[in-house]
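One letter stands for each residue in the lines below.
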Amino acid sequence: QVRLVESGGGLVQAGGSLRLSCAASGRTFSSHAMGWFRQAPGKGRETVATISRSGGFTNYADSVKGRFTISRDNAKNTVYLQMNSLKPEDTAVYYCAGGPRYTVVAGDYDYWGQGTQVTVSS
């Protein structure tokens, strides 16, 4: 069992930056691929970025490429999402999730955090 707790969300002006963190409990963090997902009001859940167990592979949604960076520190059981050049359309609840396979499919992830709100004002 893995428990995930996100932090770092908030209100920021367009063009600004935020860094989300996701702290995982348990001793199996390094055996899980991790991902960041988001859901805006009235929209479905979108895969933002994913990272393999070792951190050697990453994948990004086209909408965030060049602006967001996912990383992980297995020694600290934490995954991060650095978000730069934020846009109003990035406004959403952001979730981190862990799963046994490195995949961009949200349904393949078994463990989910409670989410953190990111609001970007224009």
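This structure is a prediction, so every number in the text was calculated from the model and none was measured. (Residues numbered from 1 in each chain as written. Predicted model: local features only at pLDDT ≥ 70, side-chain atom pairs only at ≥ 80, totals over all residues. Heavy atoms only, no water.)

A. Inspection of the side chain of Thr-78 at higher detail. Its location among the elements puts Thr-78 in strand 8 (residues 78-83). Within the local environment of Thr-78, its side chain forms a polar contact with the backbone oxygen of Lys-76, the two atoms lying 2.8 Å apart. Setting aside residues no more than four positions away along its own chain, Thr-78 makes contact with Ser-21, Cys-22, Ala-23, Phe-29, Ser-71, Arg-72 and Asp-73. (Helix = DSSP H or I, 4+ residues; strand = E, 2+ residues; numbered from the N terminus. Polar contact = N/O pair within 3.5 Å; in protein donor to acceptor, adjacent residues only side chain to side chain. Contact = heavy atoms within 4.5 Å.)

B. Up close: the sheet that holds strand 3 (residues 18-24). The strand order across the open sheet formed by four strands is 1-3-8-7, and the pairing between neighbours is antiparallel. Two strands bound the open sheet, and with one partner strand each, they are strand 1 (4-7) and strand 7 (68-73). Direction aside, neighbouring strands of the sheet carry axes that sit 15° apart on average. Judged from the four bridges that link them, strand 1 and strand 3 form a sheet pairing that is antiparallel. What sits directly across from Glu-6, in strand 3, is Cys-22. (Pairing = 2+ DSSP bridges. Axes fitted to C-alpha atoms, helices over the stretch in contact; angles between N-to-C directions.)

C. Examining the pairing of strand 8 more closely. Among the six residues in strand 8, five count as buried, and that is most of the element. Here six bridges tie strand 3 to strand 8, and the two strands are oriented antiparallel to one another. Its bridge partner lying in strand 8, Arg-19 is registered against Gln-82. Across six bridges, strand 7 lies against strand 8 in antiparallel orientation. Residue pairing across strands places Asp-73 opposite Thr-78, the latter belonging to strand 8. (Buried < 20%, exposed > 50% of the residue type's maximum accessible area, 1.4 Å probe, protein only.)

D. Quick peek at the environment of Lys-65. Considering the arrangement of structural elements, one finds Lys-65 in the loop between strand 6 (58-60) and strand 7. Taking the C-alpha atoms as reference points, Lys-65 and Ser-122, separated by 57 residues in sequence, lie 20 Å from one another. Of note is the side chain of Lys-65, whose polar atom sits 3.2 Å from the side chain of Asp-62.

E. The side chain of Arg-38, seen in detail. By secondary structure assignment, the location of Arg-38 is in strand 4 (residues 33-39). On the basis of relative accessibility, which here comes to 6%, the residue Arg-38 falls in the buried class. Reaching out from Arg-38, the side chain makes a polar contact with the side chain of Ser-63 at a distance of 3.4 Å. Residues contacting Arg-38, with those up to four places away along its chain left out, are Gly-44, Arg-45, Glu-46, Val-48, Ser-63, Val-64, Phe-68, Glu-89, Asp-90, Ala-92, Val-93 and Tyr-94.

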